[in-house]
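Residue-level listing of the chains:
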Amino acid sequence: MSTVPARTSAEALLADGTTIELRPLGPDDHRAVLDLHAEGMSEESRRLRFFGVSRNAPAQTADRLCAPRPGLLALGAWAGDQLVGEADCEPADDAPQSAELALAVADRWHGKGVATLLLEHLAHGARAEGIRFFEADTLFGNRAVHQVFAGLGLPVERRYAEGEVRIRIPLEEGDERYRSAVDERGRRADIASLTALLRPASVAVVGASRRPGSVGRTVLGKIRRGDFTGAVWAVNPHAEDIDGEPAYPSVRALPAVPDLAVLAVPADAVPGVAEECGAAGVRALVVLTSGLDVQEARGLMRACRRHSMRLVGPNSLGMAQTDPAVRLDAEFGGAFPRPGSAGVAVQSGGVGIALLQRLAWLGIGVSSFVSLGDKYDVSGNDLLQWWESDGRTDLALLHLESFGSPRAFARTARRVTRTIPVLTVDAGRSTAGRRGAASHTAAAATPTVTREALFRQAGITATRSVDELVEAAALLHVQPLPAPRGAVAVVSNAGGIGILAADACAEAGLQLPELPAEIRELLPSGASVRNPVDTTAAVGPTELALFLRALEREDAVDAILVCLVPTALCSAADQDPVRALLEGPARRRVPIAAVLLDQQVPVRYRTCADGGMLPAYSDSVAAARALAHAVDRARWLAEPQPVPVDAPGCDRPTARSLVDGYLTAHPEGGWLDPLTTADLLEAYGLPLTTSVWARDEHTAVAAADGLRRLGHEGKVALKAYWPGQVHKSALGAVRTGLATDTDVRTAYREFARRFGAELAGAVVQPMAAPGVELLAGVVQDQVFGPLVILGMGGTATDVLADRAARLAPLSERDLTTMVTELRGATLLMGTGGAPPVDLAAVRSVLTRLSRLAEDFPELVETDLNPVIARPDGAVCVDARVRLERRPSFDPYLRRLRRPSAAEGE
Ligand code: ADP
Ligand code: MG
């Protein structure tokens, strides 16, 4: 167990946005612990000094905490070099699942959330070591500590006795109330820390040279011209003035400490300048410099963490804040965006420029823009939280190439997408799938599948290009959401165009409902109201307006797509159907999108009579896709808040001992043998069929005798086993439907002949009754966590390639949509008069698999194929599990990123 949390270090934010380092205490920290208890705390604090140790002198405490003992977890909170708090726990000898907790925070640091942060990390570390309860004695009058406990979000049990309170805190895993409390603390701390970056009162541009066209000078000029409301200073040791304004030789020499520093210095100067900024008290950095080597990256990170600075970049294009109270244009990408309500964060600067340009053409204003660059620290997750509460943003646009901590991101996004649409360009789709994977599940879990699952489960609108993103945003930004049913009425003044648009809608997954015949009366003779509606080119403006008004009131219609082609008949101004459209309202009961075939740009807004905006597209494919994204969002919002499902009766200790037992014997990891696999699955209530091990022909025959009566039609299956085998049937290692002793004996002899010395033995199983063969599996993605797969299974599963994938934890909704999404879903619902399969049993398999993988990151691949689903239940007849040592990891623990570029080897 190498990197157990609370045994390693991490950085995290306090409530006021200060960065704190959390790291285990050791012999070198004796002095600091002594100082904390002796000088950092008043007499009164020491008296209240919580629990057990409270009566001990500071020296004894320091002795106790700094001498490493197995079992003792002692975590220090450091602000720079100063120890500002400490939390520790040690399991009781007689009750190893309970640990006595102690906690101390320097007086000056009270009220900032140091204790809470320490407890979150300590609880996580304790859990990873098998501790299930914190226990502590506290003084009755110690209000501060009682508040800390009450606010944690964990249940607190109290017992009162003679002025003392005995406290017991169960460290439940995955408790939603606790996670929400942690989320909320994280959100506040994050926003506090980002204020200096996104609403700075003063800015320094370091490395602003006199050379026109240089990055620093460009940014400096933009900040000045952009009318920044705060102070802006140039730092350049080689120039006395830039553009007529004074330049200062260093950050220290500035008239005041800037909130934000923008760095445009050579890579080798970055760590030094960052350190200087930090020492001076700067609170945020935007690093435009690119090409930092590992040493430089590390130096930059160290300065940021040590001095509590949030960092954008390196390799950033800068940032912009359009709030009139700030008006900061600190980027060198393009024109200062118009103020508005779209939050934009991009990883690639080029995509940022393209995106801002398109938004400008379209007329969507920007609330804030951040070019994340190499994303050492500030990431999409931070920006989502900022926009969620900045009071200005109602549309979030992201371009992300990588995810530092996708599970935390997904959790934030899931919350934010409830209130504002979050759109992303899904980059990196073409990454080749995992070739040569040894299980069907692993083969199915390509990076694309994983990302899609993330976006879908978080309610993020994922698009395939910058244009598609802008086209979808254009609709979502100004039009109401359609009803989740997604029934579209297509109206055109030229039949063929209407048919193309209808095809585009159908291909985008939208429905085209039948329209009532009566509304035909409103149109010229020769018109057709079979959806698509053909108004004919003879339609007059009044007719079209009346028709649209009638259409929007139809219950069958959730959205309208109007496609208009200019014809010779339209050229008279009073005959122009486009004018008729614009003279109507833009905001109707249902969303409306226009396709204007003579429009030159892909999408633009047209202003309507009510002052509202109508998105107009040049192509019906784009319009239909935008509508489909809106429908997806409506569906997402209509679903109840996803709650993680529960899998009762999972025997974690048994599974733990099986996993540890295997990994102790095989430190390098590998595939479990069939019997251990069976025990492991059984511990989590997964329905593996009875499997008996036979090491030779005679035991096989004897086992088959016992199992035959359990088998369908009194038959058994026999499967050859040897360590490292992959797919058995293809090698002739599976014999099914064996009815007699002779059959079994013959089959075993055949195995012996075929596989020779390799054959370790065979598994005998009763034959399961036929049903629908499914694949159920889960793989651990190093960063995304467990990905659960359901698909059509059996030996042809890879050929069928019919699968649905979701990231753990699964919600009820995930379980439902996973089943319905399969092309083969109809087989499960019952075809040709057959009853449907037991879907509850299938859902239970998925839930338990997901829980197993969440509880044991060591289970890197688990493949149940097939799970035979029938009306009376589901049973698995073949399971494979691969184990690997993996550190325990809580994706939701509050900690700042550790960029791999700055870790180095
Ligand atoms: P592999 O996937 O390694 O080829 P399986 O154990 O999955 O081997 O067996 C292959 C196929 O044989 C299964 O997809 C299933 O159709 C059938 N089969 C295997 N065991 C049983 C059993 N106990 N009952 C019914 N059918 C079985
Ligand atoms: Mg199989």
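Refer to the structure above for everything that follows.
Residues numbered from 1 in each chain as written. Chains lettered and ligands numbered in written order. Predicted model: local features only at pLDDT ≥ 70, side-chain atom pairs only at ≥ 80, totals over all residues. Heavy atoms only, no water.

Helix and strand counts for the protein come out as 28 helices and 39 strands. Here the analysis covers contacts within the protein between residues at least 6 apart in sequence; of these, 71% occur between residues at least 24 apart. Total accessible area on the protein is roughly 36,100 Å²; 52% of this is exposed by carbon and sulfur atoms. (Helix = DSSP H or I, 4+ residues; strand = E, 2+ residues; numbered from the N terminus. Contact = heavy atoms within 4.5 Å. Areas by Shrake-Rupley, 256 points an atom, 1.4 Å probe, with all protein chains shown as cover.)

Turning next to the site of ligand 1. Around ligand 1, 18 residues are found, and the nearest of them are Lys719, Lys728, Ser729, Ala768 and Glu773. One of the side-chain N or O atoms of glutamine 765 is found 3.0 Å from a nitrogen atom in ligand 1. Here an oxygen atom of ligand 1 sits 3.2 Å away from a polar atom, N or O, in the main chain of asparagine 865. Its free accessible area being 540 Å², ligand 1 has 89% of it covered by the protein chains. Taken together, the elements giving at least two residues each to the shell around ligand 1 come down to strand E31 (716-721), strand E32 (734-738), strand E33 (761-766) and strand E37 (859-870). Residues belonging to the shell around ligand 1 are distributed by class as follows: 7 nonpolar, 7 polar and 4 charged. (Near = heavy atom within 4 Å. Polar contact = N/O pair within 3.5 Å; in protein donor to acceptor, adjacent residues only side chain to side chain. Nonpolar A, V, L, I, M, F, W, Y, C, P; charged D, E, K, R; others polar.)

The next point concerns the layout of surface pockets. Remark: the empty space left among the atoms is shown by a probe the size of a water molecule rolled over them. Estimated volume of the second largest pocket: approximately 1,100 Å³. Along the walls of the second largest pocket sit 35 residues, with Arg456, Ala462, Ala628, His629 and Asp632 positioned nearest its centre. Elements with a contribution of two residues or more to the lining of the second largest pocket: helix H14 (447-458), strand E22 (461-463), helix H16 (495-507), helix H19 (620-638) and helix H25 (812-821). The leading source of residues in the lining of the second largest pocket is H19, at 11 residues. Grouping the amino acids of the lining of the second largest pocket by side-chain chemistry returns 12 nonpolar, 7 polar and 16 charged. (1 Å grid on protein atoms, 1.4 Å probe; cavity = no way out; pocket = protein on both sides within 12 Å on 5 of 7 lines; lining within 4 Å. Points joined across faces, edges and corners; volume = space filled by probe spheres on them.)

Membership of the largest hydrophobic core comes to 60 residues, with the highest contact counts inside it found for Leu197, Ile223, Leu260, Val262, Leu328 and Leu384. Residue contributions to this core peak at 5 residues, all from helix H6 (residues 176-198). In contact with leucine 260, not counting residues within four places along its chain, are Ala196, Leu197, Pro200, Ser202, Val203, Ala204, Val282, Ala284, Leu285, Val286, Met319 and Leu328. Listed in part, the 51 residues of the second largest apolar core include Leu22, Trp109, Leu117 and Ala123. (Core = buried A, V, L, I, M, F, W, Y, C linked by side-chain atoms within 4.5 Å. Buried < 20%, exposed > 50% of the residue type's maximum accessible area, 1.4 Å probe, protein only.)

Backbone hydrogen bonds are what pair the strands of a sheet, in a parallel or an antiparallel way. Within the open sheet, the 8 strands sit side by side as E1-E2-E3-E4-E5-E6-E8-E7. Their pairing is mixed. For this open sheet the edge positions go to strand E1 (10-13) and strand E7 (157-161), each flanked by a neighbour on one side alone. Strand-to-strand twist of the sheet, defined as the mean angle between neighbouring strand axes without regard to direction, takes the value 25 degrees. With 3 bridges connecting them, strand E5 (residues 98-105) and strand E6 (residues 133-139) associate as parallel partners. Bridging across to E6, glutamate 100 finds its partner in glutamate 135. (Pairing = 2+ DSSP bridges. Axes fitted to C-alpha atoms, helices over the stretch in contact; angles between N-to-C directions.)

Here valine 326 shows up in the loop between strand E16 (318-321) and strand E17 (328-331). C-alpha separation for the pair valine 326 and aspartate 227, spaced 99 residues apart in sequence, amounts to 8.7 Å. For valine 326, the contacting residues outside a window of four places in its chain are Arg199, Pro200, Asp227, Phe228, Thr229 and Gln321.

For the magnesium ion (ligand 2), the full set of protein donor atoms is Asn865 (O) and Asp878 (OD), and the range of their distances to it is 2.1 to 2.2 Å. Taken as a pair, asparagine 865 in strand E37 and aspartate 878 in the loop between strand E38 (873-876) and strand E39 (879-883) lie far apart in primary sequence, 13 residues in all. Aspartate 878 matches asparagine 865 in its accessibility class, with the two residues each being buried. (Donors = N, O, S within 2.8 Å, 3.2 Å for Na, K, Ca; no water.)

Counting across every chain of the model gives 57 salt bridges. Between arginine 306 and aspartate 81 there is a salt bridge, with the nearest N and O atoms lying 3.3 Å from each other. Within this pair, whereas arginine 306 is found in helix H9 (residues 294-306), its partner aspartate 81 is found in the loop between strand E3 (73-79) and strand E4 (82-91), the two being separated by 225 residues in sequence. Residue classification places arginine 306 among the partly exposed positions, given a relative accessible area of 38%. Aspartate 81 sits in the exposed class, given a relative accessible area of 61%. Across the salt bridge formed by aspartate 382 and arginine 310, the nearest N and O atoms sit 3.2 Å from each other. Of the two residues, aspartate 382 sits in helix H11 (residues 380-389) while arginine 310 sits in strand E15 (residues 310-312), which places them 72 residues apart along the sequence. Each of Glu11, Asp190, Arg305, Arg310, Asp377, Asp382 and Arg898 takes part in salt bridges that share partners, so that together they form one network. (Salt bridge = Lys/Arg side-chain N within 4 Å of Asp/Glu carboxyl O.)

All of the buried residues in H25 are Arg813, Asp814, Leu815, Met818 and Val819. Residues of H25 that are buried make contact with H14, H19, strand E35 (785-792), strand E36 (803-807), helix H26 (825-829) and helix H27 (839-855).

This part is about the sheet that holds E33. Within the open sheet, the 4 strands sit side by side as E30-E33-E31-E32. Their pairing is antiparallel. The open sheet has two edge strands, strand E30 (692-694) and E32, and neither has a second partner. Within the sheet, the average angular offset between the axes of one strand and its neighbour, ignoring direction, is 25 degrees. Two strands pair when backbone bridges link them, and E31 and E32 are joined in this way by 3 bridges, in the antiparallel orientation. Bridging across to E32, lysine 719 finds its partner in valine 734.

On to the environment of threonine 461. Within the secondary structure layout, threonine 461 lies in strand E22. For the pair threonine 461 and leucine 864, spaced 403 residues apart in sequence, the C-alpha to C-alpha distance is 32 Å. In this view, threonine 461 contacts Val422, Leu423, Thr424 and His629; residues no more than four positions away in its chain are not counted.

Just geometry here; none of it tells us what the structure is for.
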